[in-house]
Number of protein chains: 2
Amino acid sequence: MKIIKWKVISSELALTANIFRYVKVKSQSPTNGQIGNFDVVQCMNWVNVIGITKDQKIILIKQYRHGTEEVTVEIPGGAANFNEDPKLGAIRELREETGYTSTNWKHLGRVDANPAFMNNQCDTYLALDCEKTHEQEFDPFEEIEVYLKDVKDLPGMVASGEITHSIVIAALYLYSISSK
Amino acid sequence: MKIIKWKVISSELALTANIFRYVKVKSQSPTNGQIGNFDVVQCMNWVNVIGITKDQKIILIKQYRHGTEEVTVEIPGGAANFNEDPKLGAIRELREETGYTSTNWKHLGRVDANPAFMNNQCDTYLALDCEKTHEQEFDPFEEIEVYLKDVKDLPGMVASGEITHSIVIAALYLYSISSK
């Protein structure tokens, strides 16, 4: 079976929330003509940063997350501003959330948040030779603890369930294959 | 800064869509007492399957995805039924989406879809010695192409952007660290 794109017949903005828009999409299969209604959640694009210090430690953050009502271990990141170069968003999020900066940046990859029903992407950047040069600057309602771990501890932290955020784990995979 | 859980003050169901519920949550920081309003998207839990044949090929699928309006390369998976053992969901999704089955299953891990604003988890299972024993059985609106790739090709498929689904890439990371 050869898969080709469906034809979007109509798209209706059903709701605008704080951080997403809910769009009802009606689309038609080019294969058999069937028409279906699909939920689409539209979000800003996101950026993630693998920040590594000169002594090969990764910069991790702890935050309370309202989706799961848990404190999670993640890497710095957040929503890119509208029309912002994602690299500038990555530089900003690393500095604001952790106080670390770098002059040695590399793009590791772009992934889809969840193509099944979300429209947005997440860019992951690698920042090498990171140094603590600033104080943290929090957005409203942000509370972030910063700490360092040896990069060699990362696989164990994922295997044990200490790191659970799928998009963070995807970023770690991009990092692991880039460093081979 | 020590991060502890916020206190949920109220939780209001704002909208029920086909595949998610939108809940408006009001929570209070235990650190400084500030109160904020947060978007939470509630979804069913998901399951993903790394299906490997006896000759070390992984079972991949192509689907049209309504969120990004693109044809994507993924692994078999989907939403678990309500209160379903996720392993049974994984066995079902592998068989229905691909026609492959296995008698050699292992749980690779559980990740959060996106703890920032989603409440659900995704379980990833490894199915070894997979064999094509059934015909595909599609859910309404499903159209799925199945094909096999050498497992050693996976890092290159992620690096090149051929595989872009963050939760699929997270599953591949769980697989890569489990097989070391």
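All figures in this text were calculated on a predicted structure; none of them were measured in a lab.

Student: Just checking my understanding: could you explain the environment of Asn81 of chain B for this structure?
Tutor: All names here are of chain B. Inspection of the secondary structure puts Asn81 in the loop between β7 (77–79) and α1 (86–98). Residue class for Asn81 comes out partly exposed when judged on the 14 C-beta atoms lying within 10 Å of it. For the pair formed by Asn81 and Met44, sequence separation is 37 residues and the distance between their alpha carbons is 7.6 Å.

Student: I keep staring at the sheet that holds strand β3 (residues 35–42) of chain B and nothing clicks. Help me out?
Tutor: All names here are of chain B. One open sheet accounts for three strands, arranged β1-β2-β3; its pairing is antiparallel. The open sheet has two edge strands with one neighbour each: β1 (7–16) and β3. Each strand axis lies, on average, 20 degrees off the axis of its neighbour in the sheet, ignoring direction. As judged from the eight bridges shared by strand β2 (residues 21–28) and β3, these two strands associate in the antiparallel manner.

Student: Honestly, the sheet that holds strand β1 (residues 7–16) of chain A in this entry has me stumped. Any pointers?
Tutor: Residue and element names in this part refer to chain A. On the basis of which strands lie adjacent, the open sheet formed by three strands has the order β1-β2-β3 and antiparallel pairing. Each edge of the open sheet carries a strand with a single partner, namely β1 and β3 (35–42). With direction set aside, neighbouring strand axes in the sheet form an average angle of 20 degrees. The pairing of β1 with strand β2 (residues 21–28) spans eight bridges and is antiparallel.

Student: Even after reading the chapter, I still don't get the interface of chain A and chain B, so can you show me in this structure?
Tutor: Interfaces are often sized by the amount of accessible area the parts lose when they come together. On the chain B side, the residues contacting the 63 residues of chain A number 63 residues. Sorting the residues of the side of chain A that touches chain B by element identifies β1, β2, β3, β5 (57–65), β6 (70–74), β9 (104–112), α2 (154–159) and α3 (166–178) of chain A as the ones contributing at least two each. Considering every element that reaches the side of chain A that touches chain B, the biggest residue donor is α3 of chain A, with eight residues. Per-class residue counts for the side of chain A that touches chain B are 34 nonpolar, 18 polar and 11 charged.

Student: Sorry, what's going on with the relation of the copies chain A and chain B here?
Tutor: Superposition of the two copies of the chain requires a rotation about an axis together with a shift along that axis. For the pair chain A and chain B, the superposition axis carries a translation of 0.0 Å, the fit reaches an RMSD of 0.0 Å, and the rotation angle comes to 180 degrees. In short, the pair behaves as if placed about a two-fold rotation axis. Residue Ala170 of chain A, judged by its C-alpha, is the member of chain A lying nearest the rotation axis, at 2.3 Å. Comparing interface residues between copies, 100% of those in chain A also sit at the interface in chain B, which points to an isologous, same-surface contact.

Student: I would appreciate a short explanation of α1 of chain B in the present structure.
Tutor: Think of an α-helix as turning once every 3.6 residues; residues three or four places apart then point the same way. All names here are of chain B. Between its terminal C-alpha atoms α1 stretches 18 Å, which fits the 18 Å expected from 13 residues at 1.5 Å a residue. If you check which residues of α1 are buried, you get Pro86, Gly89, Ala90, Glu93, Leu94, Arg95, Glu97 and Thr98. Those residues of α1 that are buried lie in contact with β4 (46–53), β5 (57–65), β7, β8 (100–101), β10 (121–132) and β11 (145–150). Once α1 finishes, Gly99 follows within two positions and takes phi at roughly 80 degrees, a positive value.

Student: Would you mind showing me how to read the pairing of strand β10 (residues 121–132) of chain A here?
Tutor: Here is the key point about a regular strand: its side chains alternate between the two faces of the sheet. All names here are of chain A. Across seven bridges, strand β4 (residues 46–53) lies against β10 in parallel orientation. Across the sheet, residue Val49 finds its bridge partner in β10, namely Tyr125. Where β9 and β10 come together, eight bridges link them in antiparallel fashion. Directly across from Trp105, in β10, lies its bridge partner Ala127.

Student: Help me understand helix α3 (residues 166–178) of chain B in this model?
Tutor: Residues and elements named next belong to chain B. For α3, spanning 13 residues, the distance from its first C-alpha to its last is 18 Å, which sits close to the expected 18 Å at 1.5 Å a residue. Within α3, 10 of the 13 residues are buried, which leaves the element mostly enclosed by the surrounding structure. When α3 is considered as a whole, its buried residues turn out to be Ser166, Ile167, Val168, Ile169, Ala170, Ala171, Leu172, Tyr173, Leu174 and Tyr175.

Student: Explanation requested: the confidence of the model for chain A in the structure shown.
Tutor: Caution applies to low-pLDDT parts of the model: their predicted coordinates are not meant to be read in detail. Per-residue confidence for chain A averages 96 on the pLDDT scale, and 99% of its residues sit at or above 70. On the interface metric, ipTM, the complex scores 0.97, and its pTM is 0.97.

Student: How should I be thinking about the domain arrangement of chain A in this particular structure?
Tutor: As assigned here, chain A comprises domain 1 (7–42) and domain 2 (46–178). Distance between the C-alpha centres of domain 1 of chain A and domain 2 of chain A: 30 Å.

Student: Explanation requested: the pairing of β4 of chain B in the structure shown.
Tutor: All names here are of chain B. Burial analysis of β4 places seven of its eight residues in the buried class, the great majority of the element. Of the pairings in the sheet, the one linking β4 to β7 comprises three bridges and is antiparallel in character. When the bridges of β7 are listed, Val47 appears paired with Gly78.

Student: Hey, could you run me through the environment of Met118 of chain A in this one?
Tutor: Its location among the elements puts Met118 of chain A in the loop between β9 and β10. Residue Met118 of chain A is classed as buried on the basis of its 24 C-beta neighbours within 10 Å. Spatially, the C-alpha atom of Met118 of chain A lies 9.9 Å from that of Arg21 of chain A, the residues being 97 residues apart in sequence. With sequence-adjacent residues up to four places away left out, Met118 of chain A is seen in contact with Val41, Cys43 and Ala113 of chain A together with Gly67 of chain B.

Student: Where do I start with the packing of α3 of chain A against α3 of chain B in this structure?
Tutor: Geometrically, a packed helix pair is captured by the angle between its two axes and the distance between the axes. The contact between α3 of chain A and α3 of chain B brings their axes to 8 Å, and the two run at 60 degrees. One finds that α3 of chain A runs oblique with respect to α3 of chain B. Once α3 of chain A is placed against α3 of chain B, the crossing between them reads as left-handed. For the pair α3 of chain A and α3 of chain B, contact is made by Ser166, Ile167, Ile169, Ala170, Leu172 and Tyr173 of chain A and by Ser166, Ile167, Ile169, Ala170, Leu172 and Tyr173 of chain B, respectively. In terms of residue class, the contact of α3 of chain A with α3 of chain B is made up of 10 nonpolar, two polar and no charged.

Rules of the game
Residues numbered from 1 in each chain as written. Chains lettered and ligands numbered in written order. Predicted model: local features only at pLDDT ≥ 70, side-chain atom pairs only at ≥ 80, totals over all residues. Helix = DSSP H or I, 4+ residues; strand = E, 2+ residues; numbered from the N terminus. Buried ≥ 20, exposed ≤ 12 C-beta atoms within 10 Å, placed from the backbone. Pairing = 2+ DSSP bridges. Axes fitted to C-alpha atoms, helices over the stretch in contact; angles between N-to-C directions. Contact = placed C-beta atoms within 7 Å. Nonpolar A, V, L, I, M, F, W, Y, C, P; charged D, E, K, R; others polar. Least-squares fit on C-alpha atoms with pLDDT ≥ 70 in both. Expected span 1.5 Å × (residues − 1). pLDDT = per-residue confidence, 0-100. Domains from an automatic or database assignment. Parallel < 35°, antiparallel > 145°, perpendicular 65-115°, else oblique. Left-handed = near helix turned anticlockwise from the far one by under 90°.

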